[in-house]
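Chain residues, written in single-letter form:
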Amino acid sequence: MYIRIFLLFLFISPIFLLNAQEEIIIDDIISKLTIREKVAMCHAQSKFTSAGVPRLGIPELYMSDGPHGIRPEINWDDWGYADWTNDYVTAFPALTCLAATFNSNLSYEYGLAIGEEARYRNKDVLLGPGINIYRTPLNGRNFEYMGEDPFLTSTLVVPYIKGVQENGVAACVKHYALNNQELWRGHINVEVSDRALYEIYLPAFKASVKKGNAWAIMGSYNKFRGQHCSHNDLLLNKILKKMWGFDGVVISDWGGVHDTDQAINNGLDIEMGTPSDKSISKRFPYDNNFLGKSFEKKIIEGEVKEAILDDKVTRILRLMKRTSLNKNRPFGSINSKKHYETAYKIATEGIVLLKNTNNFLPIDKEKKITIAVIGENAKKRMTIGGGSSELKADKEISPLAGIKKEFNNAIVKYSKGYSSNINENTNDLKKEALLLAKDADIIFFIGGLNKDSFQDSEASDRKSYDLPYDQSKLIDKISKINKNIAVILISGNAVNTNWKNDVKSILQSWYLGSEAGYAIASILSGKVNPSGKLPFSFPSELKDNSAHYFGKLSYPGDGLSQSYMDGILVGYRWHDTKKIGASFGFGHGLSYTSFELFDVNSNKRKYTKGENIEISAKIKNTGKYDGKEVVQVYVGKVNSKVDRALKELKGFKKINVRENQLENIKIHIPVNSLAYYNEMISDWQVEKGDYIVYVGNASDNICDKIVVTII
Ligand code: BGC
């Protein structure tokens, strides 16, 4: 009792804020714990908690998915929903949408808001954000990630983490690493070159640790170079903990642990998701975990040093000190007006206007016209399904509801047109939609993918790049009857847009969460001028994508193993370098206004390592609306001694420019960020010589280039 009060006092006393003291206190607590108690802290005690030590007032850790809202409560020891009535939450837009905003301030706001909801729901660890790199449009989980570019992802993940953690809730960045497809995710062994590893797949994780100070990381399901990533010596011990100095907790993906010795020695701290076994113990059924009884036995018998266990527990206590034992952490809030405003802002800023022939959009909402809304996605709930990111949204405005509210002077009629339900009669649906289309002034076709298995959903990949349920045929048929058609794609992945010439406008609308319908309607009516940019390329055909170009061994592999033969040339790096145009390129996104970008310059022509290249430009809004534009700076090495992408994103700035106004912008690029990973010396190296700086508003729309030299 005495010890318990003493420890609690230490945790909540002000001296606890001092760093060295904190570590001493942690050491002191560890000295008072039994092996049993310490081992129990290193594995699950229920589906989403790990054990504390009640005797000493050490709390249990509560974790929750992530990453778009706080998941409803799950039963203690099975995957059923607990059916609580107080776990309705705000559904924030999917991370692909956040990435498409190209707006770090919004990312911080997102983190802050979701962190507040996590805190309110009493969660210590938020299982997110997800930052795996988009390699193939078939990956079922791309919607939970931030696209194909390591620089964009790194830039946006840091403020998200900071926002979450300001609430005294740990961000658990996932899935580390190379979990770039869902097919065979539990066992596929990924082979990838060091260059691609360090230049493409790891930078966002590194930024999360070194700049975002993430307090937790989730190891992924797949294998890398023969070892499962939740206990992978190279990824966890050598790179994460040693090279990057990560002082937080490594949590396994749920059921991602397969071996006791590796779990002990290869950098894992908390094992989660290994099924319990009541035949071992009714009270402690998770003792069967790899880091359970067998771990304890190895320590007691001297086979494993207790110091290894102590390191894990030190990390866990450190995380607790930052979260549940931080007396200064705020209380959080849920479903607040502010959270919905944040969700709406991100949704509207992330929607991408892909195409807009003759300024078909926006549609004047004062007009007394007939609007035909066609497509299942106009009504389908998208916060349900998709796997662990599924939510119990307190509110989810459907596109149809949003459109009806916004265009209240128009007659809005709805027809489903196609169905994801194979039992529904699609001929009848089609007929009805065509009839509606014939008499309408304009058509909003609202389709895309959904959160069902084999669409945008965890644990399976898409089977085809095409729009499912014969949507392209339907679009084709409708367009023959009525040309005034805008397609609103709801998806977290690129889809085949071989029908794009049949329609006037295309919006890429993502999974937008609670405010989805209002956000889409605001863009359609011009209440908000679109400013989103694609965080990944839309190849014309699947074989134009780098992962698919190299055939089966590259994607999806042979069932056991796969080789990332595309190396560093992922996404637009591939399209640019190989001169394979995409239907819509990375960074592409139109506005209802027009911009002119000119006077591109650099502050010097020659730079040395450690300096910053300052790129300046002027941007003028030459159209009829106020609007935001994303100025993008890509850099490519001329005559490199190694293979390089033609150009890589190294800086960007989103700027609001009022109608007829001109703004000056400056973007800084550290010379060190031009380095490539030299496999010969296992280190980063900045090559001397000439580099081309490309400035534009999309990877495939460069307005000006200048040459700078690194000496
Ligand atoms: C997913 C993780 C998730 C975990 C817990 C796993 O299947 O891969 O992203 O956090 O389940 O739900």
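Residues numbered from 1 in each chain as written. Predicted model: local features only at pLDDT ≥ 70, side-chain atom pairs only at ≥ 80, totals over all residues. Heavy atoms only, no water.

## Considering the overall build of the protein chain
Put simply, the test is: Working definition: helices are DSSP H or I runs of at least four residues, strands are E runs of at least two. Numbering for both runs from the N terminus. The rule is simple: take the accessible area with a 1.4 Å probe, protein chains only, and divide by the maximum for that residue type; under 20% is buried, over 50% is exposed, in between is partly exposed. The Shrake-Rupley method, run with a 1.4 Å probe, gives the accessible areas here. Residue values count only the displayed protein chains as cover. The convention is simple: Lys and Arg are positive, Asp and Glu are negative, and His and the chain ends are not counted. The atom standing in for a charge is NZ when the residue is Lys, CZ when it is Arg, CG when it is Asp and CD when it is Glu.
Looking only at helices and strands, one finds 19 helices and 28 strands in the protein chain. By its C-alpha atoms, the protein chain is 80 × 65 × 50 Å across when sized along the principal axes. The buried share of the protein chain, reckoned over its 711 residues, is 62%. Of the roughly 26,400 Å² of accessible surface on the protein chain, 51% is carried by carbon and sulfur atoms. Once the 92 positive and 83 negative side-chain charges of the protein chain are each reduced to a mean point, those two points are 3 Å apart.

## As for the nonpolar core
We apply this condition: Only buried residues count toward a nonpolar core. Its members are Ala, Val, Leu, Ile, Met, Phe, Trp, Tyr and Cys residues joined through side-chain atoms within 4.5 Å. Contact between two residues is taken to exist if any of their heavy atoms lie within 4.5 Å; hydrogens are not considered.
Tyr176, Ile251, Leu361, Phe444 and Phe538 are the most contacted members of the largest nonpolar core, which has 186 residues in total. With seven residues, the top contributor of residues to this core is helix α6 (residues 150-165). Residue contacts for Phe538: discarding those within four places in its chain leaves Leu354, Tyr465, Leu489, Asn493, Ala494, Val495, Thr497, Gln508, Ala582, Ser583 and Phe584. Of all hydrophobic cores here, the second largest spans 26 residues; its members include Val631, Val657, Val693 and Ile706.

## Description of the site of the ligand
Going by this rule: For this purpose, a residue is taken to be near a molecule or strand whenever a single non-hydrogen atom of the residue falls within 4 Å of it. The term polar contact refers here to a pair of N or O atoms within 3.5 Å; inside protein, the definition further demands a hydrogen-donor-capable atom paired with an acceptor-capable atom, and it admits residues adjacent in sequence only when both atoms are side-chain atoms. Three residue categories are used. Nonpolar comprises Ala, Val, Leu, Ile, Met, Phe, Trp, Tyr, Cys and Pro, charged comprises Asp, Glu, Lys and Arg, and polar comprises the others, including Gly.
Around the ligand, 14 residues are found, and the nearest of them are Asp65, His175, Tyr221, Asp253 and Glu458. Measuring from an oxygen atom of the ligand, one finds a side-chain N or O atom of Asp253 at 2.7 Å. Look at the ligand: alone it shows 310 Å² of surface, and the protein chains cover 96% of it. Classifying every residue of the shell around the ligand by side-chain character gives five nonpolar, two polar and seven charged.

## Topic: the pattern of salt bridges
Keep this limit in mind: By definition here, a salt bridge exists when the distance from a side-chain nitrogen of Lys or Arg to a carboxyl oxygen of Asp or Glu is within 4 Å.
Summed over all chains, the structure comprises 53 salt bridges. Residue Asp77 is joined to Lys278 by a salt bridge in which the shortest nitrogen-to-oxygen separation is 2.8 Å. With Asp77 in the loop between β2 (61-65) and α4 (95-101) and Lys278 in the loop between α10 (260-265) and α11 (293-300), this pair connects stretches of sequence that are 201 residues apart. Lys241 is the salt-bridge partner of Asp269, the closest N and O atoms lying 3.0 Å from each other. Here Asp269 is found in the loop between α10 and α11, whereas its partner Lys241 is found in helix α9 (residues 233-243), with 28 residues between them in sequence. One network of salt bridges, in which partners are shared, links Arg141, Glu144, Glu182, Arg185 and Glu458.

## Notes on the layout of surface pockets
Basically, it comes down to this: Points on a 1 Å grid, built from protein atoms alone, make a cavity when a 1.4 Å probe fits but cannot get out and make a pocket when they are open with protein on both sides within 12 Å along at least 5 of 7 lines; residues with an atom within 4 Å of a point are the lining residues. Grid points are joined across faces, edges and corners, and a volume is the space filled by probe spheres set on the points.
Space inside the largest pocket adds up to approximately 950 Å³. Taken together, 35 residues line the largest pocket, and the ones lying closest to its centre are Pro203, Lys206, Asn672, Ser673 and Trp684. Listed by contribution, the elements that provide at least two residues to the lining of the largest pocket are α6, α7 (194-201), α8 (203-210), β23 (648-657), β25 (676-678) and β26 (683-685). Sorting elements by how many residues they give to the lining of the largest pocket places α6 first, with five residues. When the residues that make up the lining of the largest pocket are grouped by side-chain class, the tally is 18 nonpolar, six polar and 11 charged. When its volume is computed, the second largest pocket comes out at roughly 520 Å³. Class assignment for the residues of the lining of the second largest pocket results in 10 nonpolar, three polar and nine charged.

## Points about a nonpolar patch on the surface
Under the convention used in this document: Surface patches are defined over residues having more than 30% relative accessible area and no salt bridge, joining like charges when they lie within 9 Å and nonpolar side chains (Val, Leu, Ile, Met, Phe, Trp, Tyr) when within 5 Å.
Together, Tyr549, Phe550, Leu553 and Met565 line one region of the surface with nonpolar side chains, adding up to about 380 Å² of accessible area. Assessed through its relative accessible area of 31%, Phe550 is described here as partly exposed.

## A closer look at the sheet that holds strand β21 (residues 612-621)
Selection criterion: Pairing between strands is defined by DSSP: at least two bridges between them are needed. Angles shown run from 0 to 180 degrees and are taken between the N-to-C directions of axes, each axis being a line fitted to C-alpha atoms and, for helices, limited to the stretch in contact.
Strand order in this open sheet of three strands is β19-β21-β24, and the pairing throughout is antiparallel. One side of each edge strand has no neighbouring strand; the edge strands of this open sheet are β19 (595-602) and β24 (662-670). Averaged over all adjacent pairs, the angle separating strand axes in this sheet is 25°, with direction ignored. Where β19 lies against β21, six bridges are found, and the strand directions are antiparallel. Within the sheet, the bridge partner assigned to Asn601 lies in β21 and is Ser616.

## A word on the confidence of the model for the protein chain
Our working rule: A score from 0 to 100, pLDDT tells how confident the predictor is in each residue.
For the protein chain, per-residue confidence averages 96 on the pLDDT scale, and 97% of positions sit at 70 or higher. Of all secondary-structure elements in the protein chain, the lowest mean pLDDT belongs to helix α1 (residues 2-12), at 44, while α4 reaches the highest, 99. Scored below 50 in pLDDT, residues 1-18 makes 25 contacts in the model with residues more than four places away or belonging to other chains.

## Some remarks on the sheet that holds strand β5 (residues 189-191)
A sheet is described by the order of its strands in space; here four strands give the open sequence β8-β7-β5-β17, paired in mixed fashion. If you trace the sheet from one side to the other, it starts and ends with β8 (227-228) and β17 (561-563), each paired once. By the bridge criterion, two bridges tie β5 to strand β7 (residues 223-224) in an arrangement that is parallel. Opposite Asn189, over in β7, you have Lys223 as the bridge partner.

## Structural notes on unusual backbone geometry
Of note, the bond from Gly66 into Pro67 is cis; its omega dihedral lies within 30 degrees of zero at -10°. Counting through the fold element by element, Pro67 comes out in the loop between β2 and α4. Residue Pro362 is reached from Leu361 by a cis peptide bond, and omega for that bond is 0°. In this fold, Pro362 is placed in the loop between β10 (352-356) and β11 (370-374).

## A few points about the environment of Ser699
Turning to its location among the elements, Ser699 is positioned in the loop between β27 (689-698) and β28 (701-710). Judged by relative accessible area, which is 4%, Ser699 ranks as buried. A sequence separation of 65 residues divides Ser699 from Tyr634, and the C-alpha atoms of the two residues are 7.8 Å apart. Sequence-distant contacts of Ser699, that is, excluding residues within four places in its chain, are made with Tyr572, Asp576, Gly585, Phe586, Gly587, Gln632, Tyr634 and Lys647. Here Phe586 takes part through its backbone oxygen, which lies 2.7 Å from a polar atom of the side chain of Ser699.

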